[in-house]
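# Summary of structural features
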Amino acid sequence: MSRRRELCLDSLEQAAQALATSRAAVAFTGAGMSVESGIPDFRSAHGLWRTYPPDEYATMSAFSADPAKVWVMLRAMVGVLSAAEPNPGHQALAQLQRMGRLRRVITQNIDGLHRRAGSVDTIEVHGSTTGLHCPSCTLRDKRASIPTRGVPPCPRCGRAMKPPVVLFEEGLPPGAMGEAMRLADACDLMLVVGTSLAVYPVASLPDLAIRAGATIVEVNTEPGHLRREGAIELAGGAAQVLPLLIERALELAG
Ligand SMILES: [Zn+2]
């Protein structure tokens, strides 16, 4: 068992000062951001991939071979996500952006909780579960709801549709990764929250920011992944740490 990591108050102050003086901050969030909203990391012991092994249920080849089977997993996924609410960490990031102190949020999460908390222009690099899209002809229907049964056919080509969430073996949404890279390259501070940096190419975004000379503030319950790169580490969950950090940064910024 790992010991519980304690939040270091000196690091919190250092991070708050960096954020208060930053002119181009961005946030990059992963599964840990939403754990306190009741969404277990899909990879964890209670995660979705335990019941639905991704190679069987979450790849494009599985979807092409048997869309009805993959839709069983997709409905379970949407069920988990739709029961969740934004937590104080999502709300703090939205507030930081409203105050003009955060350019945008880049997220690996597909739960839409940043949007629901009020973040604007969030880049969802792994897609979302809002609406339906057709992987065959690329038709996108943003207002379509998730059907309670069966496989929805594409109104244009008749083939199987799915939510616009990115499956394994599937390309990232057009433009999203390019926009995320542009932001990472132009930021002076990146808040890296709740990501194990395991999924590429998205996990390379902090490297881009580091190469551009940005300060990295890493919030995670796990030991930091960017310590060797000089990141300021804040141990703890997003819902506890982000409100403390952001309240203090806004106080310092006046
Ligand atoms: Zn189609």
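None of the values given here were measured: they were computed from a predicted structure.

## Structural notes on the coordination of the zinc ion
- The coordination sphere of the zinc ion, as far as protein atoms go, consists of C134 (SG), C137 (SG), C154 (SG) and C157 (SG), spread over 2.3 Å.
- Classification of the site at the zinc ion as tetrahedral follows from its four donor atoms and the range of 101 to 118 degrees in their angles at the metal.
- For the zinc ion, the donor residues sit on a single chain with the sequence spacing C-x2-C-x16-C-x2-C.
- Under the relative-accessibility criterion, C157 is labelled partly exposed at 34%.

## Here's the deal with the layout of surface pockets
- When its volume is computed, the second largest pocket comes out at roughly 510 Å³.
- Lining the second largest pocket are 25 residues; nearest its centre among them are G127, R140, P164, P173 and P174.
- Each residue belonging to the lining of the second largest pocket can be placed in one class, and the counts come to ten nonpolar, eight polar and seven charged.
- Both domains that furnish three or more residues to the lining of the second largest pocket are identified here as domain 1 (1–38 + 86–126 + 172–254) and domain 2 (40–83 + 130–164).

## Overview of the sheet that holds strand β3 (residues 123–124)
- Across the sheet, which stays open at both edges, the six strands sit in the order β3-β2-β1-β6-β7-β8 with parallel pairing between neighbours. Looking at the sheet topology across the chains shown, the edges are occupied by β3 and β8 (232–235).
- Strand direction decides the pairing type here: strand β6 (residues 189–193) and strand β7 (residues 215–220), joined by five bridges, are parallel. If you follow V193 over to β7, its bridge partner there is V219.
- Against the sheet, helix α1 (residues 9–21) touches β1 (25–29), β6, β7 and β8, its axis set at about 125 degrees to β8.

Reading the values: rules and limits
Residues numbered from 1 in each chain as written. Predicted model: local features only at pLDDT ≥ 70, side-chain atom pairs only at ≥ 80, totals over all residues. Heavy atoms only, no water. Donors = N, O, S within 2.8 Å, 3.2 Å for Na, K, Ca; no water. Tetrahedral: all angles 85-135°; square planar, octahedral: opposite > 155°, others 65-115°. Buried < 20%, exposed > 50% of the residue type's maximum accessible area, 1.4 Å probe, protein only. 1 Å grid on protein atoms, 1.4 Å probe; cavity = no way out; pocket = protein on both sides within 12 Å on 5 of 7 lines; lining within 4 Å. Points joined across faces, edges and corners; volume = space filled by probe spheres on them. Nonpolar A, V, L, I, M, F, W, Y, C, P; charged D, E, K, R; others polar. Domains from an automatic or database assignment. Pairing = 2+ DSSP bridges. Helix = DSSP H or I, 4+ residues; strand = E, 2+ residues; numbered from the N terminus. Contact = heavy atoms within 4.5 Å. Axes fitted to C-alpha atoms, helices over the stretch in contact; angles between N-to-C directions.

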